[in-house]
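Chain by chain, the residues:
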Amino acid sequence: MRPKPKNNKEQQNVEEQQPQHVIKEEKPISDKYQVKYNSKTQLRLDEKESFVLGVPGTKIYSVKWDADDKYIACACENGTVRIFNVRKRQLSYLINSLMPNIPFSYVKWRPQAQQFKTRNIFVTGNTKGEVQHWHMTSGKCLGTMKEDNSDIYCIDYNQDATKLAVCGLNPIIRIHDEEKRVVDVRLGVEQTQPPGHNNRVYCVKFHPQNPNMLISGGWDYRVLIWDIRQKKPEANQIYGPLICGDGIDMRESFDGQQLLTASWSQEKQLQTWDLRTCKLICNFDWNSQIKVSNQPCQLYSGQFSRQFDNQLTLAGGSGENEVRIFDSQDFDNAQICIHDLCREVNTVDWAHKDSRFAFSGGDGYLRIFEIQQIN
């Protein structure tokens, strides 16, 4: 599900730039982990509110909290969506693919918008190019949208849930009308200046305030800013990040709009950018203060916190399988490191209303933690 760029004509230049790392011998599947803290941090993980759910046996590619922070949906390689009740700390719903063993690659809860009466709706993408709407409580599939057989890697709603953006193996980004369930706009079909993506697109995100702005990134080492009305990228682009998962996020900060990129690279894995100018703001120093090994961590997923005034940043990946939390006021130093995981971290997600976060990956476990501040 997360292959490295291949050495073919289309991808030859990317392969030449592709960072290499030594593959560690895989450990037995285990739910164990270790935690290290920056000696100067006032952040701690609340042990009473931190726990592990699920059983091993299938990779998890995407986890998402619902709007009420009651449920977490997990998109799994074995063709299931596991939905855990976090308050009860148990599996509540198990959704099976309509075709046996077709991996779910992404899951996204539909925002609770006024135009929709039905609650508890989520959408999934799979490796057959299908985008499907599901009703959690009944377990029913409410509809399937499909254009081709190419993998779906990411899905995002705009703020009022009227539009749904989809990206994947095909470098064309599709914007769906949520009510009509049809494609309104295709980005990257026409030859434009600047051009659209020329390889897999792993992440697509609507701007949280501007419904016409879309951000995308993937294997061509570019992060593009689209005006969906113009159907082409803006002139300003970000060059460098190799996006291989849910590795783009945005926030409004006191000095303007900021963009986060989490890259599958050995260095400069985590960066923030000025969304207006596309200029680099900062490189996070991944190993500063907390060093667990000489093995680099190459990132699949990263996200700004929804609480703490968006000051915390969460990211995780492979190589040195770990998750780190940074404070935006102290870019050079990680505050918390969760490491010694037996498999890669594919996906991370912050809760909406409090200081909890979740992550999962190749071991099949869902891990939930809560952050507390100490005096």
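What counts, and where the lines are drawn
Residues numbered from 1 in each chain as written. Predicted model: local features only at pLDDT ≥ 70, side-chain atom pairs only at ≥ 80, totals over all residues. Heavy atoms only, no water. Helix = DSSP H or I, 4+ residues; strand = E, 2+ residues; numbered from the N terminus. Rg over C-alpha atoms; globule rule 2.2 N^0.38 Å. Buried < 20%, exposed > 50% of the residue type's maximum accessible area, 1.4 Å probe, protein only. Areas by Shrake-Rupley, 256 points an atom, 1.4 Å probe, with all protein chains shown as cover. Lys, Arg positive; Asp, Glu negative; His and termini not counted. Charge placed at Lys NZ, Arg CZ, Asp CG, Glu CD. Pairing = 2+ DSSP bridges. Axes fitted to C-alpha atoms, helices over the stretch in contact; angles between N-to-C directions. Core = buried A, V, L, I, M, F, W, Y, C linked by side-chain atoms within 4.5 Å. UniProt positions renumbered as here; feature names shortened; annotations may be inferred. Phe/Tyr/Trp six-rings, centres within 6.5 Å; stacked < 30°, edge-to-face > 60°. Lys NZ or Arg CZ within 6 Å of the ring centre and 35° of its normal.

In the nomenclature of an unreviewed UniProt entry, the chain corresponds to Anaphase-promoting complex subunit 4-like WD40 domain-containing protein from the organism Paramecium pentaurelia.

A.B. asks: Honestly, the overall build of the chain in this entry has me stumped. Any pointers?
C.D. replies: Along its length, the chain carries 1 helix and 31 strands. Its C-alpha atoms give the chain a radius of gyration of 19 Å, near enough to 21 Å, the size a compact globule of 375 residues would have. For the chain, the spread of C-alpha atoms along the three principal axes comes to 50 × 45 × 40 Å. Here the chain holds 375 residues, and 58% of them are scored as buried. Per element, the accessible surface of the chain, about 16,300 Å² overall, is 43% carbon and sulfur. Distance between charge centres in the chain, computed from 47 positive and 46 negative side chains, equals 3 Å.

A.B. asks: What is the right way to read the sheet that holds strand β25 (residues 297-304) from this model?
C.D. replies: Sheet strands pair via backbone hydrogen bonds, and the direction of the pair is either parallel or antiparallel. Strands sit in the order β1-β28-β27-β26-β25 across an open sheet of 5 strands; the sheet is antiparallel. A single partner strand is all that each edge strand has here, and the edge strands are β1 (34-37) and β25. Taking each pair of neighbouring strands and ignoring which way they run, the sheet shows an average axis angle of 20°. Where strand β27 (residues 323-327) and strand β28 (residues 334-339) come together, 4 bridges link them in antiparallel fashion. Following the sheet pairing, Phe-326 is matched in β28 by Ala-334.

A.B. asks: Would you mind going over the nonpolar core with me for this structure?
C.D. replies: Formed by 47 residues in total, the largest nonpolar core has its most connected members in Ile-173, Leu-214, Ile-215 and Leu-259. Looking at this core, the elements that each hand over two or more residues are β12 (152-157), β13 (163-168), β14 (173-177), β15 (182-187), β16 (201-206), β17 (213-218), β18 (222-227) and β21 (248-253). Leu-314, Ile-336, Ile-338 and Ile-371 belong to the second-largest nonpolar core, a separate cluster that totals 16 residues.

A.B. asks: Is there a simple way to explain the UniProt feature "repeat: WD" (unreviewed entry) in the chain in this structure?
C.D. replies: The feature "repeat: WD" (unreviewed entry), as given by UniProt, occupies residues 194-236 in the numbering adopted here. Along residues 194-236 the backbone is 0% helical and 47% strand, and the end-to-end C-alpha distance reaches 9 Å.

A.B. asks: Just checking my understanding: could you explain the pairing of β14 for this structure?
C.D. replies: Each regular strand shows side chains that alternate between the opposite faces of the sheet. Counting buried positions along β14 gives 5 out of 5 residues, so the element sits mostly inside the fold. Where β13 hands over to β14, the hairpin turn is made up of 4 residues, counted between the paired strands. One ladder, built from 5 bridges, connects β14 with β15; its direction is antiparallel. Counted as the bridge partner of Asp-177 is Val-182 from β15. The turn joining β14 and β15, which pair antiparallel and follow one another in sequence, is formed by 4 residues; a positive phi near 60° is taken by Arg-181.

A.B. asks: Hey, could you run me through the sheet that holds β14 in this one?
C.D. replies: One open sheet holds the 4 strands; their spatial order is β12-β13-β14-β15, and the pairing between them is antiparallel. Either end of the sheet is taken by a strand with one partner, and the two such strands are β12 and β15. The mean angle between the axes of side-by-side strands here comes to 25°, regardless of whether they run parallel or antiparallel. The pairing of β12 with β13 spans 5 bridges and is antiparallel. Within β13, the residue paired with Cys-154 across the bridge is Cys-167.

A.B. asks: Any chance you could explain the packing of aromatic side chains here in plain terms?
C.D. replies: The way to describe two aromatic rings as a pair is by their centre distance and the angle between their planes. Throughout the structure, instances matching the rule amount to 11 aromatic pairs. When the ring of Tyr-33 is compared with that of Phe-369, the centres are 5.3 Å apart and the planes differ by 80°; the resulting orientation is edge-to-face. Within this pair, whereas Tyr-33 is found in the loop between α1 (12-17) and β1, its partner Phe-369 is found in strand β31 (residues 366-373), the two being separated by 336 residues in sequence. The partly exposed category is assigned to Tyr-33, whose relative accessible area is 27%. Classification of Phe-369 by relative accessible area gives buried; the value is 1%. Between the aromatic rings of Phe-357 and Phe-369, the centroid separation amounts to 5.5 Å while the plane-to-plane angle is 20°, which identifies the pairing as stacked. Linking Phe-357 in strand β30 (residues 356-361) with Phe-369 in strand β31, this pair joins segments that are 12 residues apart in sequence. What makes Phe-357 buried here is its relative accessible area of 0%. Linked through ring pairs, Tyr-33, Trp-350, Phe-357, Phe-359 and Phe-369 together constitute an aromatic cluster. The ring of Phe-116 carries Arg-110 above its face, with NZ or CZ at 3.9 Å from the centroid.

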